[in-house]
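# A look at the structure
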2 protein chains.
Amino acid sequence: MAYKTDIEIAREATKLPIQEVGAKLDISDADLVPYGHDKAKVSADFIARSQSNKDGKLILVTAINPTPAGEGKTTTTVGLGDGLNRIGKKAMVCIREASLGPNFGMKGGAAGGGYAQVVPMDDMNLHFTGDFHAITSAHNLLSAMIDNHIYWGNEEKIDMRRVVWRRVIDMNDRALRQITTSLGGVSNGFPRESGFDITVASEVMAILCLANDLDDLQKRLGDMIVAYRRDRTPVYARDIKADGAMTVLLKDAMQPNLVQSLENNPAFVHGGPFANIAHGCNSVVATKTALKLADYVVTEAGFGADLGAEKFMNIKCRKAGIAPDCVVLVATVRAMKMNGGVAKGDLGDENVAAVTKGCANLGRHIENLKSFGVPVVVAINHFVTDTEAEVQAVKDYVHNQGSEAVLSRHWELGGEGAEELARRVAEVADSGMAAFSPIYPDEMSLMDKIDTIAKRIYRADEVLADQKIRNQLKDWEDQGYGNLPICMAKTQYSFTTDPSRRGAPTGHSLPVREVRLSAGAGFIVVICGEIMTMPGLPRVPASESIHLNDNGQIEGLF
Amino acid sequence: MAYKTDIEIAREATKLPIQEVGAKLDISDADLVPYGHDKAKVSADFIARSQSNKDGKLILVTAINPTPAGEGKTTTTVGLGDGLNRIGKKAMVCIREASLGPNFGMKGGAAGGGYAQVVPMDDMNLHFTGDFHAITSAHNLLSAMIDNHIYWGNEEKIDMRRVVWRRVIDMNDRALRQITTSLGGVSNGFPRESGFDITVASEVMAILCLANDLDDLQKRLGDMIVAYRRDRTPVYARDIKADGAMTVLLKDAMQPNLVQSLENNPAFVHGGPFANIAHGCNSVVATKTALKLADYVVTEAGFGADLGAEKFMNIKCRKAGIAPDCVVLVATVRAMKMNGGVAKGDLGDENVAAVTKGCANLGRHIENLKSFGVPVVVAINHFVTDTEAEVQAVKDYVHNQGSEAVLSRHWELGGEGAEELARRVAEVADSGMAAFSPIYPDEMSLMDKIDTIAKRIYRADEVLADQKIRNQLKDWEDQGYGNLPICMAKTQYSFTTDPSRRGAPTGHSLPVREVRLSAGAGFIVVICGEIMTMPGLPRVPASESIHLNDNGQIEGLF
């Protein structure tokens, strides 16, 4: 049997006018700001008016440590949303926006897959509603204003060697990673070293995704540290007087984007911060607005549960004052097999023993998630090659852990294939079982917070951090930043910092290479290993084959 | 009497839903791609279907050499459009989009002024419908692909010292004018010198504004020269395989943007190429589509008539196969006085003699415009301080030139104030008097084309160009580019290259400093004097005071 590609399925979608999708959430036409016929922003006025509504149930979709094949977290998020609607619930999904640049490197970027997708796929992978362009503009306005401030006399006495604010571009462009600016003489300013990151790595992106409203946005933008003086005191974006204009540039971008699933159910697609140096979740505004509009909100967090769900809980939920009522942990039989030691070429053969062995990774994530006080349902994202015995092996393993695994066929069947998962998730979310709390309090010292995550989530024996790093953390505590949560940046492929250590490793330590303060976003980034904030294009970039076909449709992007 | 500011007037506008504005042009809701409730793109399908419509009359608005006060070209364009509608004509205007970056330097950016404005002003001066962001992305994708091509083996054998394609950003950022890229080691590529221009200076912008459709767009993008090999043969964007993906990024940006005047009349605002190194007109797609939808289309060209109108005629009309039926030459009493030698502080005093003396500049523009075979109507853009005698002096002068000057009070009164101008312009446009032809044929040599413009328009005695420049032009002719038109880049303030020489100077020569080939846009840029392609921010940039007020309105941008 031949399966259709994601793009073929997406093209066959019968989309509702976005106003009809909005009507399902009781949003009037006047409160929708349309971008074409199939996308809209929800007006800030409407959001303000909906604050008195009762909150729906919040469902977080996360995953085991990913394998190269991908576990289908977004696909499951969308499928579960459709499944909930099919069983008569008023449900919507909240996911992140795609970054334009990387789509021109490697094919990719679909929002979900198979019959569990969000559309319009092409727009969402290109300019969409312009949010990322707005972030790029706001970020680079600040950059220009910093150099301009130095150029016209440097009243704030910025130490030119200590400008930490770089520039951003939504493009994979390795040539811009490290540059020298202001060459060419007096009228071009003072030469200095700098560089570009990709837009999703901007602190502005993280702030847009954590801010509650425009006032909060402007305050956080003003709080960003852009440079230091010779006496090491920080220079804030507010000192450069950039926060007002940046807020103006981000005014529209703060409004969540409404689109629809293939089954015409509403979805917010809004924000897309890096999942390493940032927290990797869609915007707080989108999630909180969705909770006011739907009875069930399904959202996801980047990477595996050790990184994504941990940050969702300890950063986003803590800051936004929200709490998940149920966590869905996505696993695949293929990933269990790989964790169980099966080589890539042999994944097609039934191997129940390997599946069971590989479940150790799954088991540890279940245990971790429960430690946040939230109930866990495992979703086995079905692949058509999975055998019944293999699926049963996962179910048995999870049952022995005191949880439940549900097979879900949303990729193949859409919402219909996710009905069983939806029923179980709704039951759990409605049960009141959840008693969420972050795993460390605000008052804990920064080093102890890192230690808590390392030991309780990663199961490391110890944190390795040299005196310089410890002193830096201590300095920030003295400056009043000790109450911030931690944003871990490490490999997504393992509980450890070694991507090849699959399963549920023990006996490792967590080496901290660097710490960074994101004073506007409001977290301390703890970097363990190499973090790339500007990707390059591959030898044969996707952009070489992306084009419009004779029907005006986009080819090569997906 | 206190006058309201442009922004106060714009905020009081009663905008129609954009669908109702579209309906005035017989565009159905389905053929409008809305961006919010007050902006929309006109679908490419609709444009294709409207090709069989009869063309309306084309009216070009241009001006005398500008003075620091500004002559009100856009204001007159909008006012004339409203005036035509008021006298019962089906008319629309076509103007350029504003560049985002410069608005954060100096206050400005309104589209028209007083009661002759196009709205929504704030959106149009910020992200609008994202066209410029799309151009930035397409341009920089090509930049990244060039460095990536070199990085992965340089199959095309690009001479790294001869990469002529730079990067762009829609921001005034002098620090990026000249940079060194790819520092930091092997994985970041090969270090080389480069820099950023402002987005409106991109050849991609010029192409978007000259392309007839998406096929033509892709062909032109592919034709752009991005670098040279050691043997001096050109490397095209097509060789880098970037043209397909760039076209995909520009697909939506190619569709004209529909907005409305304060009097709810339709306006296309589309494209915004530099008026020096490019041709400075709104897009061909917008103008040609407008001609299919309205009986009268009022459009404008950048700078004074010596630059803007000349390029409109010799580049845009020639390439697009369109021809103006009437030219409106905007003049102000203030500007005549300044041209007549009155100091800025004394402009408030009546001085009929100075007005008459200053009319020499106006007279030469009239003569020049007539040499294209088009009838000219002078619009005196009324300032409330003008005296009757001064206005009469301009009218008398123009009458003696065999043309007619009409006083227009659109700034103060909107379309009602432009009724007389509208009636006269409609009469002239309908009269069939126009017999347009460019002032040089395609077949003329490049050097002779430059000579023709210099002598017939600028009234220079000779063109000064050294042998290197003459050889370069000859080389391009040998390579098949001899049939291209010339795009002059010189000061807008004088017929000469000296901005201080006002009036109608003679006895000067035209020194050519540099020539550049825009092979995709399809013109040869002839640079006479300093051309800045990346502005800087002033000491106190507007961005320091731009902010949202307590009502969520933008302050400080206008």
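Predicted model, so just to flag it, every value in this text is computed and none were measured. (Residues numbered from 1 in each chain as written. Chains lettered and ligands numbered in written order. Predicted model: local features only at pLDDT ≥ 70, side-chain atom pairs only at ≥ 80, totals over all residues. Heavy atoms only, no water.)

### Some details on the overall build of chain A
The condition is simple: Helix and strand assignments follow DSSP, with helices taken as H or I runs no shorter than four residues and strands as E runs no shorter than two, numbered in order from the N terminus. The globule rule is 2.2 Å times the number of residues to the power 0.38, and the radius of gyration it is compared with is taken over C-alpha atoms. Relative accessibility decides the category of a residue: with a 1.4 Å probe and only protein chains considered, values under 20% of the type maximum give buried, values over 50% give exposed, and everything between is partly exposed. Should any heavy atoms of two residues lie within 4.5 Å, those residues are counted as being in contact.
What chain A contains, in helices and strands, is 19 helices and 26 strands. Compactness check: chain A gives a C-alpha radius of gyration of 23 Å against a globular reference of 24 Å for 558 residues, within 12% of the reference. Seen through its C-alpha atoms, chain A measures out along the principal axes to roughly 70 × 55 × 50 Å. The 558 residues of chain A split such that 64% are buried. Contacts spanning at least 24 positions in sequence make up 74% of the contacts within chain A whose residues lie at least 6 apart.

### Some thoughts on the pattern of salt bridges
All names here are of chain A. Spelled out, the test is: In what follows, salt bridge is the name for a side-chain nitrogen of Lys or Arg lying within 4 Å of a carboxyl oxygen of Asp or Glu.
Scanning all chains against the criterion turns up 67 salt bridges over all chains. Here Asp131 ties to Lys41 by a salt bridge, and the two come within 2.7 Å at their closest N and O atoms. You can see Asp131 sitting in helix α7 (residues 131-151) and its partner Lys41 sitting in strand β2 (residues 40-42), a full 90 residues away along the chain. On the basis of relative accessible area, Asp131 is assigned to the buried category, the value being 2%. Several salt bridges share partner residues, and in doing so they unite Lys15, Asp38, Lys39 and Asp123 into one network.

### Some words on the domain arrangement of chain A
Many authors give the size of an interface as the accessible area that is lost as the parts come together. Residue and element names in this part refer to chain A. Operational definition: Domain delimitation in this document rests on an assignment produced automatically or drawn from a domain database. By buried area we mean how much accessible surface two parts lose on assembly, using a 1.4 Å probe and totalling the loss over both. We call two N or O atoms a polar contact when they sit within 3.5 Å, provided that within protein one can donate a hydrogen and the other can accept it, with sequence-adjacent residues counted only if both atoms are side-chain atoms.
Segmentation of chain A into domains returns domain 1 (6-129 + 253-430), domain 2 (131-250) and domain 3 (446-528). Averaged C-alpha coordinates put domain 1 and domain 2 at centres separated by 33 Å. Listed as interface residues are 28 residues of domain 1 and, on the opposing side, 21 residues of domain 2. A buried area of about 2100 Å², summed over both sides, lies between domain 1 and domain 2, and 63% of it is on carbon and sulfur atoms. Taken together, domain 1 and domain 2 are joined by twelve residue pairs in polar contact (both at pLDDT 80 or more). Put simply, the parts of the chain that give the side of domain 1 that touches domain 2 at least two residues each are α5 (100-103), α11 (284-293) and α12 (305-320).

### Observations regarding the pairing of strand β16 (residues 296-300) of chain A
Residues and elements named next belong to chain A. Note the threshold: At least two DSSP bridges between two strands are required for those strands to pair.
For β16, a buried count of five out of five residues is recorded, marking the element as mostly surrounded by other parts of the structure. The two faces of β16 match: Tyr296, Val298 and Glu300 on one face and Val297 and Thr299 on the other face are all buried. Relative to β16, strand β4 (residues 91-95) runs parallel, the two sharing four bridges. Each bridged residue has a counterpart across the sheet, and for Cys94 the counterpart in β16 is Thr299.

### So, the sheet that holds strand β12 (residues 225-229) of chain B
Residue and element names in this part refer to chain B. Formally: Each axis is a line fitted through C-alpha atoms, taken for helices only over the stretch in contact, and angles between the N-to-C directions span 0 to 180 degrees.
Pairing is antiparallel across the open sheet formed by three strands, whose spatial order is β7-β12-β13. Two strands close off the open sheet at either side, each with one partner strand: β7 (158-163) and β13 (234-236). Across this sheet, the average inter-strand angle for adjacent strands is 50 degrees, counted without regard to direction. Bridge count between β7 and β12: two bridges; the pairing is antiparallel. Residue pairing for β12: Val163 is matched across the bridge by Ala227. The strands that helix α7 (residues 131-151) touches are β7 and β12; relative to β7, the one it contacts most, it runs at about 135 degrees.

### Structural notes on the interface of chain B and chain A
Let me state the cut-off plainly: Each residue is assigned to one of three groups, with Ala, Val, Leu, Ile, Met, Phe, Trp, Tyr, Cys and Pro labelled nonpolar, Asp, Glu, Lys and Arg labelled charged, and all others, Gly among them, labelled polar.
Residue-level contacts link 65 residues of chain B with 65 residues of chain A. Between chain B and chain A, a total of about 5500 Å² is buried, with carbon and sulfur atoms accounting for 64% of that surface. Area buried by chain B at its contact with chain A is led by Trp152(B), Arg174(B) and Val248(B), which between them contribute 11% of it. Inspection of the region where chain B meets chain A yields two salt bridges. For Arg167(A), the salt bridge is made with Asp173(B), and the minimal N-O distance between the two is 2.8 Å. Those elements that place two or more of their residues in the side of chain B that touches chain A are β1 (32-34), α7, β8 (167-169), β9 (179-181), α10 (243-250) and β25 (547-548) of chain B. Per element, the largest residue contribution to the side of chain B that touches chain A is ten residues, and it comes from α7(B). Here the side of chain B that touches chain A is composed, by residue class, of 32 nonpolar, 21 polar and twelve charged.

### Some thoughts on the relation of the copies chain B and chain A
Spelled out, the test is: For the least-squares superposition of copies, only C-alpha atoms count, and only for residues with pLDDT at least 70 in both.
Least-squares fitting of chain B to chain A yields an RMSD of 0.0 Å, with the superposition described by an axial translation of 0.0 Å and a rotation of 180 degrees. Considering both components of the superposition, the chain copies are consistent with a two-fold axis.

### Remarks on helix α12 (residues 305-320) of chain B
All names here are of chain B. The line we're drawing: Helix span, as expected, comes to 1.5 Å for every residue beyond the first. At any given residue, the bend is defined as the angle formed between two axes, one fitted to the seven residues that end at that position and one fitted to the seven that begin there.
Between its first and last C-alpha atoms α12 spans 19 Å; for 16 residues at 1.5 Å apiece the expected length is 22 Å, and the helix comes up short by more than 12%. Roughly 30 degrees is the biggest bend found in α12, and it falls at Phe312. Within α12, 15 of the 16 residues are buried, leaving the element largely enclosed by the surrounding structure. Two residues or fewer after α12 comes Gly321, characterised by a positive phi angle close to 70 degrees.

### Some details on the state of the cysteines
Note: disulfide means a covalent bond formed between the sulfur atoms of two cysteine side chains. Residues and elements named next belong to chain A. The test is simple: Any two cysteine sulfur atoms within 2.5 Å of one another count as a disulfide.
Applying the stated criterion to the full structure yields zero disulfides over all chains. With no disulfide of its own, Cys209 lies closest to Cys281 among cysteine sulfurs, the gap being 8.5 Å. With a relative accessible area of 0%, Cys209 lands in the buried category. This cysteine, Cys487, is not joined by any disulfide, and Cys281 carries the nearest cysteine sulfur, 9.3 Å off. With a relative accessible area of 0%, Cys487 lands in the buried category.

### Describing the packing of aromatic side chains
All names here are of chain B. The criterion, for reference: Each pair of aromatic rings taken from Phe, Tyr and Trp, with Trp reduced to its six-membered ring, is defined by centres within 6.5 Å and is described as stacked if the planes are under 30 degrees apart, edge-to-face if over 60, and tilted in the remaining cases.
A complete count under the given rule lists six aromatic pairs over all chains for this structure. A ring pair is formed by Tyr151 and Trp152, whose centres lie 5.2 Å apart and whose planes are at 85 degrees; its orientation type is edge-to-face. On the accessibility criterion, Tyr151 (24% relative accessible area) is partly exposed. Residue classification places Trp152 among the partly exposed positions, given a relative accessible area of 31%.

### What to know about the side chain of Asp131(A)
A polar atom in the side chain of Asp131(A) sits 2.7 Å from the side chain of Asn257(A). Aside from chain neighbours lying at most four places away, what touches Asp131(A) is Lys41(A), Glu97(A), Asp252(A), Ala253(A), Asn257(A) and His270(A).

### What to know about the nonpolar core
The cut-off we apply is this: Here, nonpolar core means buried Ala, Val, Leu, Ile, Met, Phe, Trp, Tyr and Cys residues that are tied together by side-chain atoms lying within 4.5 Å of each other.
If you look at the biggest cluster of nonpolar residues, it comprises 317 residues, and the most contacted ones within it are Leu142(A), Leu250(A), Leu362(A), Leu142(B), Leu250(B) and Leu362(B). When sequence neighbours within four positions are dropped, the list of residues in contact with Leu250(B) reads Ala134(B), Ile135(B), Ala138(B), Val204(B), Leu208(B), Leu217(B) and Leu221(B).

### Observations concerning the packing of helix α8 (residues 203-210) of chain A against helix α9 (residues 214-223) of chain A
Residues and elements named next belong to chain A. What counts, and what does not: Roughly parallel refers to an angle under 35 degrees, roughly antiparallel to one over 145, roughly perpendicular to one between 65 and 115, and oblique to any angle outside these ranges. In a left-handed crossing the near helix is turned counterclockwise from the far helix by less than a right angle, and in a right-handed crossing that turn is clockwise.
The contact between α8 and α9 brings their axes to 9 Å, and the two run at 150 degrees. Put simply, α8 runs roughly antiparallel to α9. Regarding α8 and α9, the two cross each other, and that crossing is right-handed. Contact residues: α8 offers Val204, Ile207, Leu208 and Leu210, while α9 offers Asp216, Leu217, Arg220 and Leu221. Across the contact of α8 with α9, the residue classes tally to six nonpolar, no polar and two charged.

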